[in-house]
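Residue strings, one per chain:
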Amino acid sequence: MNGLSLSELCCLFCCPPCPARIAAKLAFLPPEPTYSFVQDETGSKVTLHLTERAEWQYSQRELETIEVFHYRTSKNNRIACMFVRCCSNARFTILFSHGNAVDLGQMSSFYLGLGSRINCNIFSYDYSGYGMSTGKAKEKNLYADIDAAWRALRTRYGISPENIILYGQSIGTVPSIDLASKFEVGAVILHSPLMSGMRVAFPNTRRTWCFDAFPSIDKVPKVTSPVLVIHGTEDEVIDFSHGVAIYEKCPRAVEPLWVEGAGHNDVELYGQYLERLKQFVNVELVN
C-alpha cells in the first residue's frame, strides 16, 4: 500500500535513516565561499566582496548598491543576508531561498538580473553552514534561517507581508513552504519543489514516515497564498512528479509552468520562464 518494495521496507525498519542523514545526503552541498563581508575602519559599514568564482556580470557601481549584513537566528547562528535593490518603484520584494550547491556570491548576478526584469527587489540569505553564515547545514536550522530572514526583511526594511513573495528553488522550496504555511504573504513561487526527502530517495514512497525529512507535501495544504509551481519535465534530480503533486495540493495554485525538456538546473534558460514570472507578478498579482 505504501509503494515500497519488501527489500526497501526491511532496510527502513531494520536501519531507519534519521531525518538529519536524509537531509545531509539529499540536500546540503555548500560550496567554498565565493564572497566575504568587509567592514570599513569604523566598523559601521559592511560591503560585499566577490571572488572570481562568483562570476559577477555587472559593474562595480552596481555591486556597491547591494546591502549585506548578518542576522542572528533562534538557533544562535548568524546568517548572511543580502538585499538587492533592483527597482526604485518595485511593489514586491522577493524573499529568495536558493538551491543546495550555491551561495549568495554565486547568486548575486542572477538576483540583479531577475529583479530588474520582473520589477522586484530581492532579499536573500545563506543557510547555516553556507557562505558567511555560521553553524551547520541541517533541516532544523533551515527553518530557523528563513524565520530570521523573514524577521530581518520585516523589521529592517519595514516591508509588509502582502508585498513579500517567497521564492524557493529546489531545497529552498522546503523553508519557503514551511514559512508560507504559517504566514499569508503576497505570493509563493516554488521552483523544482520536492515532496519530501524519502520520496526523492525512494520514488515509490506513498506516505510520510516519521523519520522523513523535508515533509513539504504535508505542509502545502496549509499555504493560503497564491502559489506558482515551476518544474522541468526532464528534471534528473527531483522528478517532475514532485512538482505535479505539490501543485495539486496547493489550495490557491495558479496556472503552473511545466518547462518541456528542462532539467533541474536549466529552467531559467527557457524563454517561458521569465514570461511566466512577469505575467504572475505584474499582471495576476496586481489584478
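Remember, it's a predicted structure, so these values are computed and weren't measured experimentally.

Concerning the pattern of salt bridges
Move 1: Applying the stated criterion to the full structure yields seven salt bridges.
Move 2: In this structure, Lys182 and Asp178 form a salt bridge, with 3.1 Å as the shortest nitrogen-oxygen distance.
Move 3: In this structure Lys182 comes out as partly exposed when scored by relative accessible area, which is 48%.
Move 4: Given a relative accessible area of 7%, Asp178 falls into the buried group.
Move 5: Between Arg252 and Glu184 there is a salt bridge; the shortest N-O distance is 3.7 Å. In this pair, Arg252 is assigned in the loop between helix 9 (240-249) and strand 10 (257-259) and Glu184 in the loop between helix 6 (173-180) and strand 8 (187-191), connecting sequence segments 68 residues apart.

Describing helix 5 (residues 139-157)
Move 1: Spanning 19 residues, helix 5 covers 27 Å between terminal C-alpha atoms, matching the ideal 27 Å at 1.5 Å per step.
Move 2: Within helix 5, 14 of the 19 residues are buried, which leaves the element mostly enclosed by the surrounding structure.
Move 3: The positive-phi residue at the C-terminal boundary of helix 5 is Gly158, with phi of around 65 degrees.

Some details on the packing of helix 4 (residues 104-118) against helix 10 (residues 271-284)
Move 1: The geometry of helix 4 relative to helix 10 is characterised by a closest axis approach of 9 Å and an angle of 55 degrees between their N-to-C directions. Viewed along their axes, helix 4 and helix 10 adopt a mutual orientation that is oblique. Handedness of the crossing formed by helix 4 with helix 10: right-handed. Seen from helix 4, the contacting residues are Phe110, Leu114, Arg117 and Ile118; seen from helix 10, they are Tyr273, Leu274, Leu277, Lys278, Val281 and Asn282.

Here we look at the side chain of Ser192
Move 1: Within the secondary structure, Ser192 sits in the loop between strand 8 and helix 7 (197-201).
Move 2: Each residue touching Ser192, except ones within four places of it in the same chain, is listed here: Ser170, Thr173, Ile230, His231, Asp235, Ile238 and His264.

A word on the packing of aromatic side chains
Move 1: Tallied over the entire structure, the rule returns 17 aromatic pairs.
Move 2: Centre to centre, the rings of Tyr125 and Tyr127 are 5.5 Å apart; their planes meet at 80 degrees, and the pair counts as edge-to-face. Neither Tyr125 nor Tyr127 differs from the other in exposure class; each is buried.
Move 3: Among the aromatic residues, ring-to-ring pairing joins Phe69, Phe83, Phe123 and Tyr157 into one connected group.

Brief notes about unusual backbone geometry
Both trends apply: most residues other than glycine have a negative phi, and most peptide bonds are in trans.
Move 1: Its identity as a non-glycine residue notwithstanding, Asn76 has a phi of 70 degrees, on the positive side.
Move 2: Assignment of secondary structure puts Asn76 in the loop between strand 3 (67-72) and strand 4 (78-84).

Topic: the confidence of the model for the protein chain
Move 1: Averaged over every residue, the pLDDT of the protein chain is 91; residues scoring 70 or more account for 90%.
Move 2: Counting contacts from residues 8-17, a segment whose pLDDT is below 50, to residues more than four positions away or on other chains yields 17 contacts.

Topic: the environment of Arg252
Move 1: Using a relative accessible area of 41% as the deciding quantity, one classes Arg252 as partly exposed.
Move 2: Sequence separation between Arg252 and Ser225 is 27 residues; the distance between their C-alpha atoms is 6.4 Å.
Move 3: Residues within four places of Arg252 in sequence aside, it is in contact with Glu184, Thr224, Ser225, Pro226 and Val227.

Some thoughts on the side chain of Asp103
Move 1: Residue position: Asp103 is located in the loop between strand 5 (92-97) and helix 4.
Move 2: Of the side chains bearing the opposite charge, Arg53 lies closest to the buried Asp103, which forms no salt bridge; the N-O distance is 6.3 Å.

Considerations on the packing of helix 5 against helix 6
Move 1: Between helix 5 and helix 6, the least distance of the axes is 9 Å, while the angle of their chain directions is 60 degrees. For helix 5 against helix 6, the interelement crossing comes out right-handed. Note on element contacts: helix 6 touches helix 5 through Val174, Pro175, Ser176, Asp178 and Leu179, opposite Leu142, Tyr143, Ile146, Asp147 and Trp150.
Move 2: Of the residues contributing to the contact of helix 5 with helix 6, the split by class is seven nonpolar, one polar and two charged.

Side note on the pairing of strand 3
Move 1: Examined bridge by bridge, strand 3 and strand 4 share six bridges and lie antiparallel to one another. The residue of strand 4 that forms the bridge with His70 is Ala80.
Move 2: Here strand 3 hands over to strand 4 after five residues, with Asn76 in that stretch at a positive phi of 70 degrees.

Notes on the nonpolar core
Move 1: Core analysis: the biggest nonpolar cluster contains 43 residues, and Leu95, Phe123, Phe214 and Ile246 have the highest contact counts within it.
Move 2: Those elements that place two or more of their residues in this core are strand 4, strand 6 (120-125), helix 5, strand 7 (164-169), helix 6, strand 8, strand 9 (227-232) and helix 9.
Move 3: Per-element tally for this core: the top contributor is helix 5, with nine residues.
Move 4: In this structure, Phe123 is in contact with Phe69, Cys81, Met82, Phe83, Thr93, Ile94, Leu95, Phe96, Ala149, Ala152, Leu153 and Tyr157, ignoring residues within four places of it in sequence.
Move 5: One finds Met82, Leu114, Tyr167 and Val267 within the second-largest nonpolar core, a separate group that totals 41 residues.

The rules behind these values
Residues numbered from 1 in each chain as written. Predicted model: local features only at pLDDT ≥ 70, side-chain atom pairs only at ≥ 80, totals over all residues. Heavy atoms only, no water. Salt bridge = Lys/Arg side-chain N within 4 Å of Asp/Glu carboxyl O. Buried < 20%, exposed > 50% of the residue type's maximum accessible area, 1.4 Å probe, protein only. Helix = DSSP H or I, 4+ residues; strand = E, 2+ residues; numbered from the N terminus. Expected span 1.5 Å × (residues − 1). Axes fitted to C-alpha atoms, helices over the stretch in contact; angles between N-to-C directions. Parallel < 35°, antiparallel > 145°, perpendicular 65-115°, else oblique. Left-handed = near helix turned anticlockwise from the far one by under 90°. Contact = heavy atoms within 4.5 Å. Phe/Tyr/Trp six-rings, centres within 6.5 Å; stacked < 30°, edge-to-face > 60°. pLDDT = per-residue confidence, 0-100. Lys, Arg positive; Asp, Glu negative; His and termini not counted. Nonpolar A, V, L, I, M, F, W, Y, C, P; charged D, E, K, R; others polar. Pairing = 2+ DSSP bridges. Core = buried A, V, L, I, M, F, W, Y, C linked by side-chain atoms within 4.5 Å.

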